[in-house]
Amino acid sequence: MASSDHTVGFEPADRLAQDRESVRRRFWIKLKQVVAQLPFAEDLLAAYYCAFDKETPRHVQASLLGAVAYFILPFDFMPDVLPLLGFTDDAAVLAAAIRMVASHITEEHRAAARAALKRGIDAAEMTE
């Protein structure tokens, strides 16, 4: 992904998104740490499953991987350690990405997200 005016400030996420295995590994680590605090955990997991689905078009994967990568970055516009506000920027980035590619996030992706949350993150990661 080349940097352009619409990605200013997102370059670290863009670079990270290009390394799919790093995104996978770091995603599960961060999700385990914060899942209880995330009101948008199901949407995040559905986006994750869609991004790694081989049937998902590459441009959709790139958009969603960028949003997931932004979530796992240790630094962002609003530090995640701030109570109530820490994940608002992550949620906004994710919501924008989902809005752009919503038709590609299938009911199967959403069902997988719900199932992963129901059985627990450790178990979900093991089935990955």
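Rules of the game
- Residues numbered from 1 in each chain as written.
- Predicted model: local features only at pLDDT ≥ 70, side-chain atom pairs only at ≥ 80, totals over all residues.
- Heavy atoms only, no water.
- UniProt positions renumbered as here; feature names shortened; annotations may be inferred.
- pLDDT = per-residue confidence, 0-100.
- Helix = DSSP H or I, 4+ residues; strand = E, 2+ residues; numbered from the N terminus.
- Contact = heavy atoms within 4.5 Å.
- Phe/Tyr/Trp six-rings, centres within 6.5 Å; stacked < 30°, edge-to-face > 60°.
- Buried < 20%, exposed > 50% of the residue type's maximum accessible area, 1.4 Å probe, protein only.
- Lys NZ or Arg CZ within 6 Å of the ring centre and 35° of its normal.

Looking at an unreviewed UniProt entry, the chain carries the name DUF1232 domain-containing protein, with the source organism given as Bradyrhizobium icense. The chain has a UniProt comment under Subcellular location (unreviewed entry) that states "Endomembrane system".

Points about the confidence of the model for the chain
With 72% of its residues at a pLDDT of 70 or more, the chain has an overall mean of 79. The lowest-confidence element of the chain is helix α7 (residues 121-126), averaging 64 in pLDDT; the highest-confidence one is helix α3 (residues 41-51), averaging 94. Taken together, the stretch residues 1-8 has pLDDT below 50 and engages in six contacts with residues farther than four places along the chain or on a different chain.

Describing the packing of aromatic side chains
Scanning the entire structure with this criterion turns up six aromatic pairs. Between F27 and Y48, the ring centres sit 4.2 Å apart and the planes meet at 10°, which makes this aromatic pair stacked. Of the two residues, F27 sits in helix α2 (residues 20-34) while Y48 sits in helix α3, which places them 21 residues apart along the sequence. We note that F27, like Y48, is buried. Among the aromatic residues, those joined into a ring-pair cluster are F27, W28, Y48, Y49, F52 and F71. For the cation-ring pair, K30 lies above F71, with the distance from its terminal atom to the ring centre recorded as 5.1 Å.

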